[in-house]
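Coordinates in review
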Amino acid sequence: MEPRKLHNALISVYYKDGLEPIIQKLHDLGVTLFSTGGTQSFIEALGIPVKSVESLTDYPAILDGRVKTLHPKVFGGILARREPDHLAQLEQYAIPPIDLVIVDLYPFEETVRETNDEATIIEKIDIGGISLIRAAAKNYRDVVIIPCREAYNSLLRLLEEKHGETSLVDRMAFATQAFQVTSSYDTAISQYFGSRSSNNSTFQTQAKPAMLLRYGENPHQKGTFFGPLDEMFQKLHGKELSYNNLVDIEAALTLISEFKDGDPATVVIKHTNACGVATRPTLIKSWHAALAGDPVSAFGGIIAMNREVDMETAHAVDSIFYEVLLAPGYTPEALTKLTAKKNRILLTFATFFQPKNQFRSLLNGVLEQDYDSQSETTDAIKVVTERTPTPLELDDLLFANICAKHLKSNTIALVLDRQLIGMGCGQTSRVDALKQAIAKAQAFGFDLNGAVMASDAFFPFPDCVEIADSAGIRAVIHPGGSIKDQDSIDYCNAHDMAMVHTGNRHFKH
């Protein structure tokens, strides 16, 4: 198929950013412009001729602007194949063929984020724009569709290089992007309505924008991230994020979000598991305490903090090799210090992270579940032993419970003075997880006397509390619910240990 030359263009966009050079280039190429409303006013303000859609349709925009472009004289010009029969019909009804359609949709997703007002949100459901995109993309053999402002630069480059001509390959590429835009847009609308419905069981996801990664988990695997990553955090420095970086970053963000209130906190993540967690009166002290929990595993890890990083903390963190540092911000001096190393990745996050849903591809389908947003409090736990935990023990028990929640099952977390001092994770036996946790704590010089223990699930036998007692651990937190709970309770009562039940399991497979 021979190249198509642009003669007529329809432009209807919400955001005008980046549009001016395109308008100027189209005018220089002799393309006739049609437009609507605010876009028409924008073009007129540039001193460039433009025809109103109303002059084409002989109908004004009606129903508060809900109906502007929905007319045969618009869609006929877009959908007509450049073949004798269709061209004859266009001539019969005085319909100009539209060769280029530029659309930027109403910002539905932004509106949902900014307001809960239903009327405002509903008015940002684009009807005409989405229809224009679909029509032009369907007729990609003859029509160029620019479906979003992210495609403006590609169009401008094409106009400059090919002087108003497009190939079938060009048009198909834009059409592919167009259907990605419409799919994502419709999915956002469906998810909004689904969130307000009690019967929302359809799996849908949005596939924009797509970020190609260096590779997947391993160099021989391809990797792509789909989603607006810039809404999560801002990258200030360093190399490109990898697949494994992103997996660990999510683990770091979800854990540090548990400490959005209270004292400064630091978490260190390695292969999605927490190897260091601590809160202290100052950020620098929380860093030293978190690192001490497992300084070996911290090498090459991901660090997250819940406070702005100051120069003192930056200097201390700079002493080890790590992949990524996340924090709400950095002082200018700290940023200068930390950016001295080229590949180190520095990120800022604006809000603490707690997703509503989680998805996982599995077999030939997808698993969906609610995010585990449950965090136990003092009021929600039940003391099941004769000895009640002291206030300090209780504080450590809740802290340990948070750590266990973010470690892979089976897991045990050992805590003393709001510091993770030992952890066992990903074990097929809870006894093995406990032995691993004790061995780690002892290897790094921690005295377990007076420490507390958290388990992500109940104890079917009293063996774990027996081992914990022998190591000096004085208090235990776990969900409870085993038919043999009483065996563990009895052992604790006989050895002056305290035990509390949460009633909530935190498996993480």
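Before reading on, note that the structure itself is shown above.
Worth saying up front: this structure is predicted, and the values here are computed from it rather than measured. (Residues numbered from 1 in each chain as written. Predicted model: local features only at pLDDT ≥ 70, side-chain atom pairs only at ≥ 80, totals over all residues. Heavy atoms only, no water.)

1. Quick look at the overall build of the chain
Quick reminder of the rule: Helix numbers and strand numbers start at the N terminus; a helix is a DSSP run of H or I with at least 4 residues, a strand a run of E with at least 2. The atom set for the radius of gyration is the C-alpha atoms, and the globule formula is 2.2 Å times the number of residues raised to the power 0.38. Three exposure classes are used, based on accessible area relative to the maximum for each residue type with a 1.4 Å probe and protein chains only: buried under 20%, partly exposed in between, and exposed over 50%. Two residues form a contact once any of their heavy atoms are found within 4.5 Å. As used throughout, the charge tally considers Lys and Arg to be positive and Asp and Glu to be negative, leaving His and the chain termini uncounted. Charge placement uses NZ in Lys and CZ in Arg. For Asp and Glu, CG and CD serve respectively.
Scanning the chain for helices and strands turns up 18 helices and 23 strands. Taking 23 Å as the expected radius of gyration for a compact globule of 509 residues, we find that the chain reaches 30 Å, considerably beyond that expectation. Seen through its principal axes, the chain has C-alpha atoms that stretch 95 × 50 × 40 Å. Taken over 509 residues, the chain has a buried fraction of 49%. Sequence-distant contacts, at least 24 apart, represent 55% of the contacts inside the chain between residues at least 6 apart. Distance from the positive charge centre (48 side chains) to the negative charge centre (63 side chains) of the chain: 5 Å.

2. Topic: the packing of aromatic side chains
Rule in force here: The rule is short: rings of Phe, Tyr and Trp, with Trp giving its six-membered ring, pair when the centres are within 6.5 Å, and they are stacked under 30 degrees, edge-to-face over 60, tilted in between. Lysine NZ or arginine CZ positioned within 6 Å of the ring centre and within 35 degrees of the ring normal marks a charge as sitting over the ring.
One pass over the structure, following the stated rule, counts seven aromatic pairs. Between Tyr14 and Tyr106, the ring centres sit 6.0 Å apart and the planes meet at 75 degrees, which makes this aromatic pair edge-to-face. Here Tyr14 is found in the loop between strand S2 (8–13) and helix H1 (20–28), whereas its partner Tyr106 is found in the loop between strand S5 (100–104) and helix H6 (108–114), with 92 residues between them in sequence. One aromatic cluster is present, formed by Phe108, Tyr185, Tyr192 and Phe193 through successive ring pairs. One cation-aromatic arrangement involves Arg149 over Tyr15; the distance from NZ or CZ to the ring centre is 4.1 Å.

3. Some points on the side chain of Arg387
Relative to the helices and strands, Arg387 is located in the loop between strand S18 (382–383) and helix H15 (391–405). The class for Arg387 is buried, based on a relative accessible area of 18%.

4. Re unusual backbone geometry
Between Ser409 and the following residue, Asn410, the backbone shows a cis peptide bond with an omega angle of -10 degrees. For Ala94, which is not a glycine, the phi torsion comes out positive at approximately 55 degrees. Positive phi is not limited to glycine here, since Thr272 has a value of about 75 degrees. You can see Thr272 is positioned in the loop between strand S11 (265–270) and strand S12 (273–279).

5. A look at the sheet that holds strand S15 (residues 345–349)
Quick reminder of the rule: Here the rule is simple: two strands pair whenever DSSP picks up at least two bridges between them. Inter-axis angles, ranging from 0 to 180 degrees, are taken between N-to-C directions of lines fitted to C-alpha atoms, where helices are fitted over the stretch in contact.
Read across the open sheet, the six strands follow the order S10-S15-S14-S13-S11-S12; overall the sheet is mixed. Looking at the sheet topology across the chains shown, the edges are occupied by strand S10 (233–237) and S12. When strand polarity is set aside, the average angle formed by the axes of neighbouring strands in this sheet is 20 degrees. Two elements, strand S14 (residues 322–327) and S15, share four bridges in a ladder whose sense is parallel.

6. Focus on the sheet that holds strand S21 (residues 452–455)
Strand order in the open sheet formed by six strands is S18-S23-S22-S21-S19-S20, with mixed pairing between adjacent strands. Only two strands of the sheet have a single partner each, and these edge strands are S18 and strand S20 (420–424). In the sheet, S18 pairs with strand S23 (residues 498–501) via two bridges, with the strands oriented antiparallel. Its bridge partner being in S23, Val383 is matched across the sheet by Val500. Against the sheet, helix H16 (residues 430–443) makes contact with strand S19 (412–415), S20 and S21, and its axis sits at roughly 145 degrees relative to S20, the strand it touches most.

7. Quick look at the packing of helix H4 (residues 72–79) against helix H8 (residues 128–138)
This is how it is decided: Angular relationships are summarised with four words: roughly parallel below 35 degrees, roughly antiparallel beyond 145, roughly perpendicular across 65 to 115, and oblique for the angles in between.
Interhelical geometry of H4 versus H8 gives an angle of 30 degrees and a closest axis separation of 8 Å. By the angle between their axes, H4 is roughly parallel relative to H8. Across the interface between the two elements, Val74, Phe75, Ile78 and Leu79 from H4 touch Gly128, Ser131, Leu132, Ala135, Ala136 and Lys138 from H8.

8. Observations regarding the nonpolar core
Most often, soluble globular proteins keep nonpolar side chains buried together rather than apart. This is how the line gets drawn: Nonpolar cores were defined as sets of buried Ala, Val, Leu, Ile, Met, Phe, Trp, Tyr and Cys residues, with membership established by side-chain atoms within 4.5 Å.
Ile249, Val277, Trp287, Met305, Val309 and Leu326 are the most contacted members of the largest nonpolar core, which has 70 residues in total. Looking at which element gives the most residues to this core, the answer is H15, with eight residues. Among all residues touching Met305, those that are not within four sequence positions of it are Ile256, Ala265, Thr266, Leu283, Trp287, Thr313, Val317, Leu325, Leu326, Ala327, Pro328 and Phe349. If you look at the next biggest cluster of nonpolar residues, it comprises 54 residues, including Val74, Ile98, Ile102 and Ile121.

9. Quick look at the packing of helix H17 (residues 463–471) against helix H18 (residues 485–494)
Selection criterion: Take the far helix as your reference; a near helix turned counterclockwise from it by less than a right angle gives a left-handed crossing, and one turned clockwise gives a right-handed crossing. Gly is put with the polar residues, along with every residue not named as nonpolar or charged; the nonpolar set is Ala, Val, Leu, Ile, Met, Phe, Trp, Tyr, Cys and Pro, and the charged set is Asp, Glu, Lys and Arg.
It is the contact of H17 with H18, at a shortest axis distance of 9 Å, that shows an interaxial angle of 20 degrees. As far as their axial angle goes, H18 and H17 are roughly parallel. The two elements H17 and H18 cross, and the hand of that crossing is right-handed. Within the contact between the two elements, H17 uses Val465, Glu466 and Asp469 and H18 uses Ser488, Tyr491 and Cys492. Taken together, the residues that form the contact of H17 with H18 break down as three nonpolar, one polar and two charged.

10. Here we look at helix H2 (residues 37–45)
Because each turn of an α-helix spans 3.6 residues, side chains separated by three or four positions end up pointing in the same direction. Worth spelling out the cut-off: Throughout, the arc means that of the directions going from the helix axis to the C-beta atoms.
Residues Thr39, Gln40 and Ile43 constitute the buried set of H2. Buried residues in H2, looked at end-on, bunch into an arc of 100 degrees, giving them a common side. Next to the buried residues of H2 lie S2, H1, strand S3 (32–35), strand S4 (51–52) and helix H3 (53–57). Residue Gly47 follows H2 closely and has a positive phi angle near 75 degrees.

11. As for H8
With eight of eleven residues buried, H8 is to be regarded as a mostly interior element. Contact partners of the buried residues in H8: S2, H4, S5, strand S6 (144–146) and helix H10 (168–195).

12. A few points about the pairing of S15
Worth spelling out the cut-off: For a crossover, the right-handed case is the one in which the path from the first strand over the helix to the second runs clockwise, viewed with the strands pointing away from the viewer.
Burial of S15 is extensive: five of the five residues sit out of reach of the surface. On S15, burial covers both faces: Ile345, Leu347 and Phe349 on one face and Leu346 and Thr348 on the other are all buried. As paired strands, S10 and S15 are joined by four bridges and run antiparallel to one another. Looking across to S15, one finds that His237 is bridged to Leu346. Handedness of the crossover joining S14 and S15 through helix H14 (residues 332–338): right-handed.

13. What to know about the pattern of salt bridges
Close approach of charged atoms allows side chains with opposite charge to pair. Definition in use: The working definition used for a salt bridge is a side-chain nitrogen of Lys or Arg within 4 Å of a carboxyl oxygen of Asp or Glu.
Inspection of the entire model under this criterion finds 18 salt bridges. A salt bridge links Arg81 to Glu83; the shortest N-O distance between them is 3.3 Å. Taking the relative accessible area as the measure of exposure, Glu83 reaches 39% and is therefore partly exposed. Here the residues in one salt-bridge network are Asp318, Lys337 and Arg344, joined through shared partners.

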